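# Structural description and commentary
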Amino acid sequence: ACLNNLLACCLSQRDLEAARTFGERSLAIRERLGDRVGASSTLQNLAALARMQGELEEARRRLRLSMETTWGVGARSHLAGLLEEHAKLLVLEGDAEAAARCLFSAEALREELGASLGEDSRADLEELEGRVHEALGAAAIERLRNESDSSDIELRVRELLAAPPE
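As the structure is a computational prediction, the values presented were derived from the model and not from experiment.

Tracing the chain through its elements places Arg-122 in helix H7 (residues 119-136). If we ignore the near neighbours within four places in the chain, the residues touching Arg-122 are Leu-117 and Glu-129.

Right under this line is the structure:
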């Protein structure tokens, strides 16, 4: 867990070289120990790293692996973060509507679970939501928000897992 925490800290500080080092070590250890949930968490962070480096294909691959594991073990509390990371990829790929659906499903799941976000994560999400809002406009955002709830999670997961590689 410590190496994954260091990975996350390096990501927030934009120290991408150190993030990769900690991430690869964390993933190797967690896989060796059979820690599937821990490996999934590290894969999510490595997906964020790949996205930040412009490696969208690698980001999607790692995110898909993380989602497969998370969904397979029923770690519902991890799904919101995965959907938010997926939304970041979708925005970069130009699909703001799908990104909005992921964001609103993640938000509904967080509310259902009583989970909160840290300050850095909240600021990051607010920036992403602003980009989505700018791309779609207020009316589309309101429509999509009204259509989304935590029951959409399975659909969003299936969309991510079925998405063809870039």
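That covers the picture; the talk isn't over yet.
Below, the discussion takes up the nonpolar core. Ranked by size, the top nonpolar core spans 29 residues in total, and within it Met-67, Leu-79 and Val-132 carry the most contacts. Where this core is concerned, the elements lending two or more residues are helix H3 (36-52), helix H4 (56-73), helix H5 (79-92), helix H6 (96-113), H7, helix H8 (138-147) and helix H9 (153-162). If we skip the residues at most four places from it in the chain, Met-67 touches Gly-72, Leu-79, Leu-82, Leu-83, Val-157, Leu-160 and Leu-161. Ala-18, Ala-39, Leu-46 and Leu-49 belong to the second largest nonpolar core, which has 11 residues in total.

With that settled, consider the layout of surface pockets. Empty space within the largest pocket amounts to approximately 1000 Å³. Lining the largest pocket are 31 residues, with Arg-51, Glu-85, Lys-88, Ser-121 and Asp-124 sitting closest to its centre. Where the lining of the largest pocket is concerned, the elements lending two or more residues are helix H1 (2-12), H3, H5 and H7. The element contributing the most residues to the lining of the largest pocket is H7, with 7 residues.

Owing to its 3.6 residues per turn, the α-helix aligns residues three or four sequence positions apart on the same side. The terminal C-alpha atoms of H6 lie 25 Å apart, and with 18 residues this matches the ideal 26 Å at 1.5 Å per residue to within 8%. Considered for burial, the residues of H6 that qualify are Ala-96, Ala-98, Ala-99, Ala-100, Cys-102, Leu-103, Phe-104, Ser-105, Ala-106, Ala-108, Leu-109 and Arg-110. Where H6 is buried, its residues meet H5, H7, H8 and H9. Where H6 ends, the next residue or the one after it, Gly-114, has phi of about 70°, a positive value.

The geometry of H5 relative to H9 is characterised by a closest axis approach of 11 Å and an angle of 50° between their N-to-C directions. As far as their axial angle goes, H9 and H5 are oblique. Where H5 crosses over H9, the two elements pack in a sense that is left-handed. Seen from H5, the contacting residues are Leu-79, Leu-83 and His-86; seen from H9, they are Ile-153, Arg-156, Val-157 and Leu-160. Classifying every residue of the contact of H5 with H9 gives 5 nonpolar, 1 polar and 1 charged.

Along the chain, Phe-22 falls in helix H2 (residues 16-33). Separated by 43 residues in the primary sequence, Phe-22 and Leu-65 place their C-alpha atoms 18 Å from one another. Those residues within four positions of Phe-22 in sequence are excluded, and the remaining contacts are Leu-3, Leu-6, Leu-7 and Cys-10.

This paragraph deals with unusual backbone geometry. In this structure, Arg-14 takes a positive phi of about 65° despite not being glycine. Note that Arg-14 resides in the loop between H1 and H2. Residue Arg-14 is classed as exposed on the basis of its relative accessible area, which comes to 58%.

With 18 residues, H2 ought to run about 26 Å at 1.5 Å a step, and its terminal C-alpha atoms sit 25 Å apart, in line with that. Considered for burial, the residues of H2 that qualify are Ala-18, Ala-19, Gly-23, Ser-26, Leu-27 and Arg-30. Summarising the axial view, the buried residues of H2 lie within an arc of 155°, below the 170-degree limit, and thus occupy one face. Facing away from the buried side of H2, by more than 90 degrees, are the exposed residues Glu-17 and Arg-32.

Our next topic: the pattern of salt bridges. Counted under the stated rule, the structure contains 19 salt bridges. In this structure, Arg-62 and Glu-58 form a salt bridge, with 2.7 Å as the shortest nitrogen-oxygen distance. Separated by 4 residues within a single helix, Arg-62 and Glu-58 lie in helix H4, roughly one turn from each other. By sharing partners, the salt bridges in this structure join Glu-24, Glu-58, Arg-61 and Arg-62 into a single network.

The rules behind the values
- Residues numbered from 1 in each chain as written.
- Predicted model: local features only at pLDDT ≥ 70, side-chain atom pairs only at ≥ 80, totals over all residues.
- Heavy atoms only, no water.
- Helix = DSSP H or I, 4+ residues; strand = E, 2+ residues; numbered from the N terminus.
- Contact = heavy atoms within 4.5 Å.
- Core = buried A, V, L, I, M, F, W, Y, C linked by side-chain atoms within 4.5 Å.
- Buried < 20%, exposed > 50% of the residue type's maximum accessible area, 1.4 Å probe, protein only.
- 1 Å grid on protein atoms, 1.4 Å probe; cavity = no way out; pocket = protein on both sides within 12 Å on 5 of 7 lines; lining within 4 Å.
- Points joined across faces, edges and corners; volume = space filled by probe spheres on them.
- Expected span 1.5 Å × (residues − 1).
- Axes fitted to C-alpha atoms, helices over the stretch in contact; angles between N-to-C directions.
- Parallel < 35°, antiparallel > 145°, perpendicular 65-115°, else oblique.
- Left-handed = near helix turned anticlockwise from the far one by under 90°.
- Nonpolar A, V, L, I, M, F, W, Y, C, P; charged D, E, K, R; others polar.
- Arc of directions from axis to C-beta.
- Salt bridge = Lys/Arg side-chain N within 4 Å of Asp/Glu carboxyl O.

In short, geometric facts, not functional conclusions.
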